Amino acid sequence: MLQVSLYRYNPETDDAPFMQDFAVETGGRDLMVLDVLELIKAEHDGSVTYRRSCREGVCGSDGLNMNGKNGLACITPLSDTVKHGRLVIRPLPGLPVIRDLVVDMSLFYAQYEKIQPYLQNPTPAPTIERLQSPEERAQLDGLYECILCACCSTSCPSFWWNPDRFVGPAGLLQAYRFLADSRDTATEDRLSKLEDPFSVFRCHGIQNCVNVCPKGLNPTKAIGHIRTMLLNRAT
Amino acid sequence: MATSIISLRRTGLSDWLIQRASALVLLTYFILIACQLLGSVDYISWRGLFDQTWMKIFTLLAALSLAAHAWIGLWSVTTDYLTERLLGPKGKSIRLLCQIGTSSALIGYVIWIIVIVWR
Ligand code: SF4
Ligand code: SF4
Ligand code: FES
């Protein structure tokens, strides 16, 4: 028996959020946290609400806070997170809750939009494609894999306090993905939009982001690269 | 076009550099002071140290570094925690009040140090 404590909130019927306990029969299997949620929804309470889609760590829709640590429910085995037979599941911290485990990601996406996450190059496109050398392509490794699950940004204190002004680890990782792209020519424009005291420099290197990224990416390192680019540009 | 670090416009980069440079100045200054204190100090030698022009300039530099360092740090703290997001519509005035308080205190300290050392 696994004791699961779920964050519940339905703004239409509840005055305030509360924690609801479920005793879930796992049959001794090392299920993924998402499986446990599906069990609760199927066998205990059909009104439990959460996002999910791919169930294999690809779509990024089931970012949750499990026993205090952000991660993707579908690829987090119980053996990785359960302590003393207890599992506490909350929505990603710092974002407004729409219902139960579903958060409003608008602030997160607004920051993503801000960094212009698309290739910019006004030179006429070649007939087939813009080529890169294997070395240039390698610059994008560890950056392009991000699935925008928001586990990192919602574990970052700087993002909690200033989600409207600090781009956050996810957005900054993508900002660097385009700064590092040999085919992109908007480097100067991109950097000039990042040099204010908030967008990049609110990062204090706490590294919560690195600690939680389910894809094993390192936003702090990317932020360091952006800082170096800003420094080189100013001297 | 390269933006100059020395331009008066405050950027995250200039703040970041000032934080590091001022920390370096303060570290050197306090190591020097600590070394003095480790040896035997009496009024004459202490006075002698601070009567030297280089020490006066160094002290002034340390005071300015302290003020800049503290200002940037505390400005960050006030814009993290004393915001409209966390305190509601009153956030702006509370933040402004704290920032005015901090900056006047820091300016006061610098003037005080100048008066003590350069008198
Ligand atoms: S390293 Fe920076 S971006 Fe990552 S959690 Fe810390 S403050 Fe946030
Ligand atoms: S960097 Fe990692 S944690 Fe952050 S959004 Fe991308 S995949 Fe998720
Ligand atoms: S359901 Fe797609 S990442 Fe977990």
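Keep in mind that what you see is a predicted model, and the values were worked out from it rather than measured. Per chain, residue numbering runs from 1 following the sequence as it is written. Naming scheme: in the order in which they are written, chains are lettered from A and ligands are numbered from 1. Local features in this predicted model are restricted to residues of pLDDT 70 or higher, and side-chain atom pairs are both shown and tallied only at a pLDDT of 80 or more, whereas totals for entire chains, interfaces and linings draw on every residue. Hydrogens and water are ignored here; the side-chain numbers use all heavy atoms of the structure.

Caption draft 1: Focus on the nonpolar core. In terms of nonpolar packing, the biggest core is built from 66 residues, with L6(A), I89(A) and I226(A) touching the most fellow members. Throughout, the edges of the domains are those of an automatic or database domain assignment. Taken domain by domain, this core gets at least three of its residues from each of domain 1 (2–103) and domain 2 (106–234) of chain A. Here, two residues are considered to be in contact whenever any of their heavy atoms come within 4.5 Å of each other. Each residue touching L6(A), except ones within four places of it in the same chain, is listed here: F18(A), M19(A), Q20(A), F22(A), L37(A), I40(A), V48(A), I89(A) and L101(A). By convention a nonpolar core is built from buried Ala, Val, Leu, Ile, Met, Phe, Trp, Tyr and Cys residues, the set being connected through side-chain atoms within 4.5 Å. Working definition: with a 1.4 Å probe on protein chains only, accessible area under 20% of the residue-type maximum means buried, over 50% means exposed, and in between means partly exposed. L49(B), M55(B), F58(B) and A62(B) belong to the second largest nonpolar core, which has nine residues in total.

Caption draft 2: Spatial organisation of the domain arrangement of chain A. Residue and element names in this part refer to chain A. The domain boundaries assigned to chain A delineate domain 1 (2–103) and domain 2 (106–234). On the domain 2 side, the residues contacting the 14 residues of domain 1 number 14 residues. Salt bridges, as used here, are contacts in which a Lys or Arg side-chain nitrogen is within 4 Å of a carboxyl oxygen on Asp or Glu. Along the contact surface separating domain 1 from domain 2 lie zero salt bridges. For the purposes of these results, a polar contact is taken to be a pair of N or O atoms within 3.5 Å, where, inside protein, one atom must be able to donate a hydrogen and its partner to accept one; residues adjacent in sequence count only when each atom of the pair is a side-chain atom. Between domain 1 and domain 2 we count four residue pairs in polar contact (both at pLDDT 80 or more) in total. Secondary structure follows DSSP: runs of H or I at least 4 residues long count as helices, runs of E at least 2 residues long count as strands, and numbering of each begins at the N terminus. Broken down by element, the side of domain 1 that touches domain 2 gets its largest block of residues, four residues, from strand β4 (residues 69–72). Gly falls in the polar group here, along with every residue not listed as nonpolar (Ala, Val, Leu, Ile, Met, Phe, Trp, Tyr, Cys, Pro) or charged (Asp, Glu, Lys, Arg). Here the residues of the side of domain 1 that touches domain 2 sort into seven nonpolar, six polar and one charged.

Caption draft 3: Up close: the pairing of strand β3 (residues 63–66) of chain A. Residue and element names in this part refer to chain A. Here β3 shows two buried faces, one formed by G63 and N65 and the other by L64 and M66. Note on pairing: two strands pair once DSSP finds at least 2 bridges between them. Where β3 and β4 come together, four bridges link them in antiparallel fashion. Within the sheet, the bridge partner assigned to M66 lies in β4 and is K69. Here β3 folds back onto β4 in antiparallel fashion, the turn holding two residues, of which N67 has a positive phi close to 45°.

Caption draft 4: Examining the packing of helix α1 (residues 12–38) of chain B against helix α3 (residues 53–81) of chain B more closely. Residues and elements named next belong to chain B. To obtain an axis, a line is fitted to C-alpha atoms, over the contacting stretch when the element is a helix, and the angle between two such axes runs from 0 to 180 degrees between their N-to-C directions. One can describe the packing of α1 onto α3 by two numbers: an axis separation of 8 Å at closest approach and a directional angle of 135°. Between α1 and α3, the crossing angle belongs to the class labelled oblique. Regarding α1 and α3, the two cross each other, and that crossing is left-handed. By residue class, the composition of the contact of α1 with α3 is 16 nonpolar, seven polar and one charged. Orientation is classified from the angle alone, with under 35 degrees giving roughly parallel, over 145 giving roughly antiparallel, 65 to 115 giving roughly perpendicular, and any other angle giving oblique. Handedness of a crossing is defined here by the sense of rotation of the near helix relative to the far one, left-handed for an anticlockwise turn of less than a right angle and right-handed for a clockwise turn.

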